[in-house]
Every structure is written in C-alpha cells, then in structure tokens.
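# Geometric and topological summary
The residues making up each chain are set out below.
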Amino acid sequence: MRPTALKLTAAILLFCGISSTVKAQVEPINVVTTAVPFLRISPDARSGGMGDLGVATSPDASSGLWNIGKVAFNQSKSGLVASYTPWLKQLVNDVYLASLTGFVKVGDNQAFSGSLRYFSLGNIQFTDGLGNDLQTFRPREFGIDVGYSRQLTKKNGIGVALKYINSNLAGGASVGSTTYKTGSAIAADLGYYHDGKSDAGSGWTFGATLTNLGTKIAYTSNADSKDFIPANLGLGTTYTSKFNAQNSITFGLDVNKLLVPTPPADPATAQQLADYRNKSVLSSWFSSFGDAPGGFSEELKEFQLSLGAEYWYNNQFAVRTGYFYENKTKGNRRYFTMGLGLKYQTFGLNFSYLLPSGSGVSQNPLSNTLRFSVVFDFAGDKK
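Reading guide: rules and limits
Residues numbered from 1 in each chain as written. Predicted model: local features only at pLDDT ≥ 70, side-chain atom pairs only at ≥ 80, totals over all residues. Heavy atoms only, no water. Phe/Tyr/Trp six-rings, centres within 6.5 Å; stacked < 30°, edge-to-face > 60°. Helix = DSSP H or I, 4+ residues; strand = E, 2+ residues; numbered from the N terminus. Buried < 20%, exposed > 50% of the residue type's maximum accessible area, 1.4 Å probe, protein only. Core = buried A, V, L, I, M, F, W, Y, C linked by side-chain atoms within 4.5 Å. Contact = heavy atoms within 4.5 Å. Salt bridge = Lys/Arg side-chain N within 4 Å of Asp/Glu carboxyl O. Polar contact = N/O pair within 3.5 Å; in protein donor to acceptor, adjacent residues only side chain to side chain.

### Brief notes about the packing of aromatic side chains
- All told, the structure shown has 14 aromatic pairs when counted by the stated rule.
- For the ring pair Y96 and Y118, a centre distance of 6.3 Å and an interplane angle of 45° mean the geometry is tilted. Of this pair, Y96 sits in strand 2 (residues 95-106) while Y118 is found in strand 3 (residues 110-121), placing the two residues 22 residues apart along the sequence.
- Given the relative accessible area of 25%, Y96 is considered partly exposed.
- Given a relative accessible area of 26%, Y118 falls into the partly exposed group.
- Considering the side-chain rings of F324 and Y335, the 5.0 Å spacing of their centres and the 10° angle between planes classify their relative orientation as stacked. Taken together, the residues F324 in strand 15 (residues 317-325) and Y335 in strand 16 (residues 334-344) connect sequence positions 11 residues apart.

Here it is as structure tokens:
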C-alpha cells in the first residue's frame, strides 16, 4: 500500500473513531426505569404476536389488559383467557408470567372485567457481601384489577379499572440495619375506544389509555426510597379491510410513553438525585413530557412503537406478525414477532414467538420463546 493510501486509511479510521466518540457523547444511555416492570410485559399471546399491539385492536377476552374502554364492545356475553409466558427461558426454567383475564357483559352496552397477573422470579440464593449463603427465596409479584366498561354510543366507549399491586422481592431479608419488606401500591387504568368500522366490517378504530396511574412503591421503611410504578400513556389505531365473509386483514400502530421522570444526566449532583426521587406522582405524569436532560429530542426517544398485522380466515384461523421499536438510548429493545390463532366455537388458542433484530440490540428475555394463551368464549357468536 502506498503512503498516500496509508494516510487516507488512517484518516478514515481516525474520523470513524472521533465520530463514534462524539456520537456516544451526544447520545448517552439514559433508560427510564420503574419498579414492578412486569406490568409492562405483554401477557396476551394474541397481542404478543403483533409486536405488543393492543390499544385499538378488536375486542376480545384480554381487552382489559390493553384498553379497558373496549371491553363492552365484545360480541359474546362473557369470556376468559389464561396465558403462560416463560421468562429468560434460555437461562432458567422457573421464571414465568401467568395471567387470567375475563369479562362479563351486563346488557348490551356495559361490562365488568377482572384479571390476575402473577410473576415468579424463580428460586434465588441470597448471599452477603462476602458471598456467604444466607437464605433461599422465591421472589414473586402479582397484580389484581377489576374494571367497568360502557358504550356511550354505538361507536364510542370508555372504561375504568382499579388495581392492587404486590411485590415481594426479598422475603424480609435484612442487610445491615435495613430490612426489606413486601411492597404494595394501588393504581387505576382509564381507557377510551372508538370503533369506526362500517357495518360490513371495514374501517378505522382508535384507542387511548392511561394505565398504572398510582402510588409509589416502597421496599424499606425509608421514606426517601420509594420507587415509581410504570404509569403509561398509550395511543393506538388499526385499519381493518374485510374482503368477504371469510377473509379480513388488520394493520395497526401503537405509541407508548412512560409517565415517569427521566433520570438526571450522569454524573448527577446529590440535589438532582434527590429531586428525581422525591418528585410527586401527580407532577411526574405531566413533567415526564419535558424533563429529559437532553431536551425535546431526548423526549422523542422515549416513545415506543408497536407495528402489527393480523389476518383472519373464516373467524377460525389467524396469522399475525409485528415489530416493536425502542430507541437504543432508552433500552434498545427491538424485535419481530410472529403468531398464530385457532378458534373453534367456544374454544381458542393463541401462540406467539419473538425474534430480536439488529446488531447490538439488547437481548430480550422472551427471545426465541414460544408463549401461548387459551381462550374460552362463552355464549359466543353462533355464526
């Protein structure tokens, strides 16, 4: 290689190195974190097969998990779905999320719903700072909610749900003078749903949700050690095209934003950390749209996107696919999903599979994992 080529190669390598350094400085990793993140795990295999799309999809027995406002739009009088989601399947076999969700309609325009989510973190050996065994414990978390949904008109509906959250991560273990206790919180969900489809079954639907609007959660008696739960704003839309009585396809988009304070930039002063931890829940919901250290450009990176599609044949067989996107400085979760659905009279099965995408993308705990839901549609549509 000639000297000129050597100089050019060196200049290119130097420029790439400087560009990478500058880019790393301009885009620091600053992930918004919360306690009880299991509330943001998709427990429903149907939506899991569409990139975690669910705010404005057609109503089913799992609607209360995604948008409480659309539960009353179910065609059947009642329904129940049980789901099982392995977690970190490639590493352990005793960590999982299980859920049970159902609804009952009262008349034609209103419905009650409820759900139970249980997250087991497996059997863990606790040790002290020197690595000596202390005790074994199985950390676990669960959430219980009950909701009410009502159609205001033929096209519009709203709903509200109340939930109790329990998180036992340490089983009363003590470290020094600190004893870790079970944390608990109370929260609410609000949902709106608009069904704009024509009588033929084609058209747009829209949805908006505010979920996990509740108290902070504490694991110690220290008043300054309370953590935010994952309050979230969700906006979604879908378009359904029904070709004939047997074939239909739906495309959809969900946008989600955590209503939780963004951590201060690293390094942070003691006062910045104190202000972050002591911010009130109510003020954090509003300030979360403008508190990112990097300004508006960083705020935009905190929005998560779900794209999905679903094809139904004869209301008995479904094929689904989707994509989930999260900015690399806010968690870097990006993955494709696939799913299948089978339905026969009152019984149905849903399956989903997740494939991580891109280089350097954070490995998802659900990567290459099959999860499933069993659906019971009581007094369903006889057609």
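### Thoughts on the nonpolar core
- Formed by 19 residues in total, the largest nonpolar core has its most connected members in V36, F38, F119, I165, I217 and I229.
- Contributing elements (two or more residues each) for this core: strand 2 and strand 10 (183-195).
- Beyond its immediate chain neighbours, meaning those up to four positions away, V36 contacts E141, I165, S167, I217, Y219, I229 and P230.
- Judged by nonpolar contacts, the second largest core, of nine residues, contains I68, A72, A111 and A161.

### Section: the pattern of salt bridges
- Tallied over the full model, the rule gives 16 salt bridges.
- Two residues, K77 and D108, come together in a salt bridge whose shortest N-O distance is 3.4 Å. Here the residue K77 occupies a position in the loop between helix 3 (63-66) and strand 1 (78-86), and D108 occupies one in the loop between strand 2 and strand 3, the gap between them amounting to 31 residues.
- You can call K77 partly exposed: its relative accessible area is 40%.
- Residues D195 and K197 are paired through a salt bridge, measuring 3.1 Å at the closest nitrogen-oxygen approach.
- Ionic contacts of the salt-bridge type, sharing partners, join the residues K257, E298, E299, E302 and K330 into one network.

### Focus on the side chain of N350
- Along the chain, N350 turns up in strand 17 (residues 347-356).
- Polar side-chain contacts of N350 include one of 3.1 Å to the side chain of R320.
- Non-local contacts of N350, meaning those with residues more than four positions away in its chain, are made with A45, R46, R320, L340, G341, L342, R371, F372, S373 and V375.

### Some points on the side chain of T238
- Of note, T238 is situated in strand 12 (residues 232-242).
- Side-chain polar atoms of T238 contact the backbone oxygen of A56, separated by 3.1 Å.
- There is a polar contact of 2.4 Å between the side chain of T238 and the side chain of T205.
- Setting aside residues up to four positions removed in sequence, T238 forms contacts with L53, A56, T57, G203, W204, T205, T250, F251 and G252.

### What to know about unusual backbone geometry
- Each neighbour pair has its own omega, and for D266 with P267 the value is 5°, a cis peptide bond.
- Tracing the backbone shows P267 in the loop between strand 13 (247-258) and helix 4 (270-278).
- Residue N332 is not a glycine yet carries a positive backbone phi of 60°.
- What makes N332 buried here is its relative accessible area of 10%.

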